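Coordinate inspection notes
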Amino acid sequence: MVKVTLVHASWCTACPAARRFWKDLKSEHDFEYEEVEVETPEGKALLEEYGIVGVPTTIIDGEVVFTGLPKKADAIAHIS
Amino acid sequence: MYDLIIVGGGPAGLAAGIYAVRSGLETLILERSEISGQIALADIVENYPGFPSISGIELMEKYKSHAQEVGVKTKITEVLSLSTEGNKKIVSTDSGDLESKAVIIATGANPKHLNVPGEEELISKGVSYCAICDGPFFRNKTVAVIGGGNSAVTDALFLSKIARKVYLIHRRDKLKAAKVLQDRAFASSNIEFILNAFVVEIVGSRGEIRRVERLVYKDLSSGEDHKLAIDGVFIYVGIHPNTEIVNVEKDEEGFIKTNSLLETSQKGIYAVGDCRDTPIWQLVAAVRDGALAATAAKEYIESFKEQMK
């Protein structure tokens, strides 16, 4: 199953829209979904692992695929 | 069928919604996300009357709350296209088609890219268009801000409180930003100005994990290229309108052309805010656009309402 990880931050005003977007998509499509906040140990590890210095960032199956709010058709193409 | 569908829930769209609902139009706003509008990404807004200093997200939440109180209905969905059948407008969304008598396009704009080598592949790896989102990643680092308008200077000031050093690179010899912002920026001890220069390349580190490492800019006075070691680059060189969904007359950059009532080349379709061809892409102008287009749409709808019953 495709795994989607949304990396977000408490200070980021664009992040709530991205969280809502992926949660809504999760209710319509079958994929594994998790959210990771950048200031948690898990978040810090992801920043280091992928060299991320921007949020919201979406990782799909181990690859950084989107920064910001994706278009729905693009997101569906990546989880299908 | 709705009287009016507004595509976009930023300041222009919400202002249109408030005016439309108060004038008795059955109105629906379609929006991709709960909080939208470029203004939501602004650290601080200081040029909107009545609010000497307010964060962009706070102001956007006030708009949204005001619209809800008035009774504006909003649906979160993605609009795919807009077409006309006689006097009826068909708005196709990812959750089905909707019909209305008039439509206001308030789809806004996104930051324009520099279109230089290195930019696209280093997005989220040091290339950013949003200091409030990504600035905190650059604490005590060195960053460059590209542009000379209000957004560039405002965000250079925001970044100067986080980063160790901020270079502001602008292709002209003078900044375009409001004087009050320029004065603050010139007084900042860690902002250095590189004027008469433009970025030709953004360079990332080698290896599996790439990050912005430097940029190359051309000095227009000497014609020489210079390298600048940086950790991040924030780009504010204008906006690109989100107008692909609508087939009306546009200028060469895609901004929708409107008449004095903000009607597009198609009757009953209006355009407001950052997506239209206007001499001033500002919050206060977007709000004014919303009010005017809703008023014009009301008159348009009234003119043939009886025929469409």
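Predicted model only: the values in this text are computed from it and were never measured. Positions within a chain are numbered from 1, following the residues in the order the chain's sequence is written. All chains are assigned letters beginning at A, and all ligands numbers beginning at 1, according to the order in which they are written. Local features in this predicted model are restricted to residues of pLDDT 70 or higher, and side-chain atom pairs are both shown and tallied only at a pLDDT of 80 or more, whereas totals for entire chains, interfaces and linings draw on every residue.

Each helix is a run of H or I in the DSSP string that is no shorter than four residues. Each strand is a run of E no shorter than two, and both are numbered from the N terminus. Helices and strands together make up the secondary structure of chain A, namely three helices and four strands. In sequence order, chain A lays out its α and β elements as β-α-β-α-β-β-α. Any residue with 12 or fewer other C-beta atoms within 10 Å of its own C-beta is exposed, any with 20 or more is buried, and the rest are partly exposed; the C-beta atoms used are placed from the backbone. For chain A, the residues scored as buried account for 35% of the 80 residues in total.

Looking now at the overall build of chain B. Regarding its fold elements, chain B presents six helices and 17 strands. Using C-alpha atoms as the atom set, the radius of gyration is obtained and then compared with a globule rule of 2.2 Å times the number of residues to the power 0.38. In terms of overall dimensions, chain B is globule-like: its C-alpha atoms have a radius of gyration of 21 Å, near the 19 Å expected for 309 residues. Projected onto its principal axes, the C-alpha coordinates of chain B cover approximately 65 × 40 × 35 Å. Residue burial in chain B is summarised as follows: out of 309 residues, 48% are buried. Placing C-beta atoms from the backbone, we regard two residues as in contact once those atoms come within 7 Å. Taking all contacts inside chain B whose residues are at least 6 apart in sequence as the whole, residues at least 24 apart take part in 62%.

The source of the domain bounds is an automatic or database domain assignment. Along its sequence, chain B is carved into domain 1 (2-110 + 239-308) and domain 2 (113-235). Using C-alpha coordinates to define each centre, domain 1 of chain B is positioned 32 Å away from domain 2 of chain B.

Every contact between the two is made by 24 residues of chain B and, on the other side, 20 residues of chain A. Top element by residues in the side of chain B that touches chain A is helix α3 (residues 131-134) of chain B. It accounts for three residues. In terms of residue class, the side of chain B that touches chain A is made up of eleven nonpolar, five polar and eight charged. We call Asp, Glu, Lys and Arg charged. Ala, Val, Leu, Ile, Met, Phe, Trp, Tyr, Cys and Pro are nonpolar, and the rest, Gly among them, are polar.

Another aspect to go through is the pairing of strand β1 (residues 2-7) of chain B. Strand residues, when the strand is regular, have side chains that alternate between the two faces of the sheet. All names here are of chain B. With five of six residues buried, β1 lies mostly within the body of the structure. Any two strands are treated as partners once DSSP identifies two or more bridges connecting them. In this sheet, strand β6 (residues 96-105) lies alongside β1 in parallel orientation, the contact comprising five bridges. Following the sheet pairing, Tyr-2 is matched in β6 by Ser-100. Pairing geometry for β1 and strand β2 (residues 27-31), over four bridges, is parallel. Note on β2: the bridge partner recorded for Ile-5 is Leu-28. A clockwise path from the first strand over the helix to the second, with the strands pointing away from the viewer, defines a right-handed crossover. In terms of handedness, the path from β1 via helix α1 (residues 11-22) over to β2 forms a crossover that is right-handed.

All names here are of chain B. For the pair helix α4 (residues 150-160) and helix α5 (residues 179-187), the least separation of the axes is 10 Å and the interaxial angle reads 35°. Handedness of the α4/α5 crossing: left-handed. Counting all contacts with α4, which are made through Asn-150, Val-153, Thr-154, Ala-156 and Leu-157, the residues of α5 involved are Leu-181, Gln-182, Arg-184 and Ala-185. Of the residues belonging to the contact of α4 with α5, the class tally is five nonpolar, three polar and one charged. Geometry is summarised by axes, namely lines fitted to C-alpha atoms with helices restricted to the contacting stretch, and by angles between N-to-C directions that run from 0 to 180 degrees. Two helices crossing with the near one rotated counterclockwise from the far one by less than a right angle form a left-handed crossing, whereas a clockwise rotation gives a right-handed crossing.

As a further point, take unusual backbone geometry. In this model, Val-55 of chain A is joined to Pro-56 of chain A through a cis peptide bond whose omega is -5°. Even without a glycine there, the phi angle at Leu-262 of chain B is positive, about 70°. By the secondary structure assignment, Leu-262 of chain B is in the loop between β16 (239-241) and β17 (269-271).

The next point concerns the sheet that holds strand β12 (residues 197-204) of chain B. All names here are of chain B. If you walk across this open sheet you meet the three strands as β12-β13-β14, and the pairing is antiparallel. Looking at the sheet topology across the chains shown, the edges are occupied by β12 and β14 (225-229). The average angle at which neighbouring strand axes cross in this sheet is 25°, direction not considered. Note: β12 against strand β13 (residues 212-219), seven bridges, orientation antiparallel. Residue pairing in the sheet places Val-199 in a bridge with Tyr-217 of β13.

It is worth spelling out the nonpolar core at this point. Residue and element names in this part refer to chain B. Put simply, a nonpolar core is a cluster of buried Ala, Val, Leu, Ile, Met, Phe, Trp, Tyr and Cys residues tied together by C-beta atoms within 7 Å. Ranked by size, the top nonpolar core spans 114 residues in total, and within it Ala-16, Ile-104, Ile-105, Val-145, Ile-146, Val-233 and Ala-297 carry the most contacts. Residue contributions to this core peak at nine residues, all from helix α6 (residues 283-308). Two domains each put at least three residues into this core: domain 1 (2-110 + 239-308) and domain 2 (113-235). If we skip the residues at most four places from it in the chain, Ile-105 touches Val-7, Gly-8, Val-246, Ile-256, Ile-269, Tyr-270, Ala-271 and Cys-275.

What follows covers α1 of chain B. Between the first and last residue of a helix there are one fewer steps than residues, each counted as 1.5 Å, and that sum is the expected span. Its twelve residues give α1 of chain B an end-to-end C-alpha distance of 17 Å, which sits within 8% of 16 Å, the value for a rise of 1.5 Å per residue. Positive backbone phi, at 95°, marks Gly-24 of chain B, one or two positions downstream of α1 of chain B.

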